[in-house]
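# Structure assessment
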Amino acid sequence: MKIAILQFPGSNCDKDTLHVLLNIAGLRPKLIWHNEFDDDSFDAAILPGGFSFGDHLRAGAIAAHSNAMQTIRKMADQEKPILGICNGFQILIEAGLLPGALLRNASLRFVCKWTDLQVESTDTAFTCRFSKNTKVRMPIAHNEGRFFVENNSLHALKENEQIVLRYTDENPTGTLDNIAAITNSEANVVGMMPHPERASSTLLGGSDGLKVFESMMEWTR
Amino acid sequence: MNLFPVEVIISNKPQARDPEGETIARDLIHKEGFHAIRNVRTSKLLALIIEAENEENASNIALKMCNDLRLYNPVAHSISVRVGQRN
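Residues numbered from 1 in each chain as written. Chains lettered and ligands numbered in written order. Predicted model: local features only at pLDDT ≥ 70, side-chain atom pairs only at ≥ 80, totals over all residues.

With that out of the way, let us pick up the nonpolar core. Ala45 and Met192 of chain A are the most contacted members of the largest nonpolar core, which has 67 residues in total. Ranked by residue count, the leading element in this core is helix α2 (residues 68-77) of chain A, at 5 residues. If we ignore the near neighbours within four places in the chain, the residues touching Ala45 of chain A are Ile3, Ala4, Leu6, Ile72, Met75 and Ile82 of chain A. Of all hydrophobic cores here, the second largest spans 7 residues; its members include Phe4, Val8, Ile50 and Ala58 of chain B. (Core = buried A, V, L, I, M, F, W, Y, C linked by C-beta atoms within 7 Å. Buried ≥ 20, exposed ≤ 12 C-beta atoms within 10 Å, placed from the backbone. Helix = DSSP H or I, 4+ residues; strand = E, 2+ residues; numbered from the N terminus. Contact = placed C-beta atoms within 7 Å.)

Structure, rendered in structure tokens:
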């Protein structure tokens, strides 16, 4: 399984993701600079966490116009798994591949901590290996993770089971309806604020995130 | 007394570079073909509601507050104050 991990100016979780996919999940990931990503023959793509282009205007807003996103759009249309983690989630939203907005945390603070989550939808490319309502732990580390949509859109997200993860123990950012991750209507594009790549080894405090990548493998089979 | 909407715009001085505006121009606006946009500068806007006798008074209150509280850094920033129609 060929997986592209995109690199934008400012990405800083790219190599963590590479390590997990290569050394723990046993896959064939490749790091690709955003300007050189024009090959849609990959089986899946991951937009990693960190920053991009200084996150000027809004987090992810500039990267959403990078050349790489044309290839990402093609892959999304082919219903291949696309995962945006943290800044990658912000980029997918700004590119219009996922609905809603990610606003500054209600506390106006960068929040960096382990969080308790519940898997709400298991019929997605990145959660199909979980059981519904499973409790998982993954860390977050971001400043703009307060998901927002208007009421009618929230209703649609619930109806279509597009809410993928919710915070359970507390709401760390003031995010709407405790939402931590969502998917598109085809369930192949997923954006999540928690970092599964930082929760893929018990040595680093937990391995619940590994199933996110194992789900991607199963979905592609 | 009346209530006036007052907008305070805090901008980088022309001689201070604005990397945010440059990035928005280069990697977004020009990249997507809007070449007629020749320059972009970002700034911060504070939308205030001020109780005052008249427009001039409202403007003076905003200016005094910005200066006394150093809401902008006069070394690098300039401000402009716009008073709207009273409510």
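Position of Pro74 of chain B relative to the elements: it lies in the loop between α2 (55-68) and β3 (77-83). For the pair Pro74 of chain B and Lys13 of chain B, spaced 61 residues apart in sequence, the C-alpha separation works out to 8.9 Å.

Quick look at the sheet that holds strand β2 (residues 28-33) of chain A now. Residues and elements named next belong to chain A. With respect to topology, 9 strands assemble into an open sheet ordered β2-β1-β3-β4-β11-β10-β9-β6-β7, the strand pairing being mixed. In the strand order of this sheet, the two ends are held by β2 and β7 (135-142), each with one partner. Along the sheet, successive strands turn relative to each other by an average axial angle of 25 degrees, direction set aside. Across the sheet, α2 touches β1 (2-7), β3 (44-47), β4 (82-85) and β11 (189-192), and the angle it forms with β4 is around 130 degrees. (Pairing = 2+ DSSP bridges. Axes fitted to C-alpha atoms, helices over the stretch in contact; angles between N-to-C directions.)

Residues and elements named next belong to chain A. Positive phi outside glycine occurs at Leu57, with the angle close to 70 degrees. Positionally, Leu57 belongs in the loop between β3 and α2. Given 19 C-beta atoms within 10 Å, Leu57 falls into the partly exposed group. At Leu108, a residue that is not glycine, the phi angle is positive and equals roughly 60 degrees. By secondary structure assignment, the location of Leu108 is in the loop between β5 (101-103) and β6 (111-119). For Leu108, a count of 8 C-beta atoms within 10 Å puts it in the exposed group.

Turning to the pairing of β3 of chain A, a few remarks are in order. Residues and elements named next belong to chain A. Burial along β3 is two-sided: Ala44 and Ile46 and Ala45 and Leu47, pointing in opposite directions, are all buried. Pairing analysis gives 3 bridges linking β1 to β3, with the strands arranged parallel. For Ile5, the partnering residue across the bridge sits in β3 and is Ile46. Remark: the β3/α2/β4 crossover connection has right-handed handedness. (Right-handed = clockwise from strand over helix to strand, strands pointing away.)

Of all residues in chain B, 99% have pLDDT values of 70 or greater, and the mean over the chain is 93. Across the assembled chains, the prediction reports ipTM 0.73 with pTM 0.91. (pLDDT = per-residue confidence, 0-100.)

Right, let's talk about the sheet that holds strand β1 (residues 2-12) of chain B for a bit. Residues and elements named next belong to chain B. Read from one edge of the open sheet, 3 strands run β2-β1-β3, paired in antiparallel fashion. Where the open sheet ends on each side, the last strands, each with one partner, are β2 (43-52) and β3. Across the sheet, the axes of successive neighbouring strands diverge by a mean angle of 25 degrees, strand direction being ignored. Looking at chain direction, β1 and β2 are connected through 10 bridges and run antiparallel. Residue pairing in the sheet places Leu3 in a bridge with Glu51 of β2.

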